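If you want the building blocks of each chain, they are given just below.
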Amino acid sequence: MKAGTYKGVLDQDKVTRASLLIGLFKGLRLLFNGPLTFGWPKTANTGPGFNGKTPVQVMCEGGIPAMMKMRQHIDALRGSV
């Protein structure tokens, strides 16, 4: 898309999901700045709201509301509630 070769149409759902994922990874990069930036979403988590699942599983199962909570979670860990 950034290269200008994407020919599809982005509806509001896709734009929202893309925005949440971009914000999530930006927050992870600022929080961890290392291997956990990309490893954290795929690592099982025993914290509240995860129930032993990976953040990716939680987001896939919960859709946009879960993606928003995950973004808020990372922002809170960074101290910017």
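Residues numbered from 1 in each chain as written. Predicted model: local features only at pLDDT ≥ 70, side-chain atom pairs only at ≥ 80, totals over all residues. Heavy atoms only, no water.

Caption draft 1: Structural view of the nonpolar core. L20, L24, L28, W40, F50, V58, M59, I64, A66, M67, M70 and I74 form the largest nonpolar core, which has twelve residues in total. Secondary-structure elements contributing two or more residues to this core are α1 (12–32) and α3 (55–78). In terms of residue count, α3 provides more of this core than any other element does, seven residues in total. With sequence-adjacent residues up to four places away left out, L24 is seen in contact with M59, M70, R71 and I74. (Core = buried A, V, L, I, M, F, W, Y, C linked by side-chain atoms within 4.5 Å. Buried < 20%, exposed > 50% of the residue type's maximum accessible area, 1.4 Å probe, protein only. Helix = DSSP H or I, 4+ residues; strand = E, 2+ residues; numbered from the N terminus. Contact = heavy atoms within 4.5 Å.)

Caption draft 2: Local environment of the packing of α1 against α3. It is at 9 Å that the axes of α1 and α3 come closest, and there the two elements cross at 35°. Considering only the axes of α1 and α3, their crossing is left-handed. Together, D13, T16, R17, S19, L20, L21, G23, L24, G27, L28, L30 and L31 of α1 and M59, G63, I64, M67, M68, M70, R71, I74, L77 and R78 of α3 make up the contact between the two elements. Considering only residue class, the contact of α1 with α3 consists of 13 nonpolar, five polar and four charged. (Axes fitted to C-alpha atoms, helices over the stretch in contact; angles between N-to-C directions. Left-handed = near helix turned anticlockwise from the far one by under 90°. Nonpolar A, V, L, I, M, F, W, Y, C, P; charged D, E, K, R; others polar.)

Caption draft 3: Structural detail: α3. An ideal rise of 1.5 Å per residue puts 34 Å on 24 residues; α3 reaches only 17 Å between its terminal C-alpha atoms. Along α3, the helix axis deviates most sharply at G63, where the bend reaches about 140°; the proline P65 sits within four residues downstream. Buried positions along α3 lie against α1. Positive phi appears at G79, one or two residues downstream of α3, with a value of about 90°. (Expected span 1.5 Å × (residues − 1). Bend = angle between axes of the 7 residues up to and from the residue.)

Caption draft 4: Spatial organisation of the confidence of the model for the protein. Per-residue pLDDT for the protein averages 90, and the proportion of residues at 70 or more is 96%. Mean pLDDT across the elements of the protein ranges from a minimum in helix α2 (residues 36–39), with 89, to a maximum in α3, with 94. (pLDDT = per-residue confidence, 0-100.)

Caption draft 5: Structural detail: the packing of aromatic side chains. Summed over the entire model, instances satisfying the criterion amount to two aromatic pairs. When the ring of F25 is compared with that of F38, the centres are 5.8 Å apart and the planes differ by 25°; the resulting orientation is stacked. Of the two residues, F25 sits in helix α1 while F38 sits in helix α2, which places them 13 residues apart along the sequence. For F38, a relative accessible area of 58% puts it in the exposed group. (Phe/Tyr/Trp six-rings, centres within 6.5 Å; stacked < 30°, edge-to-face > 60°.)

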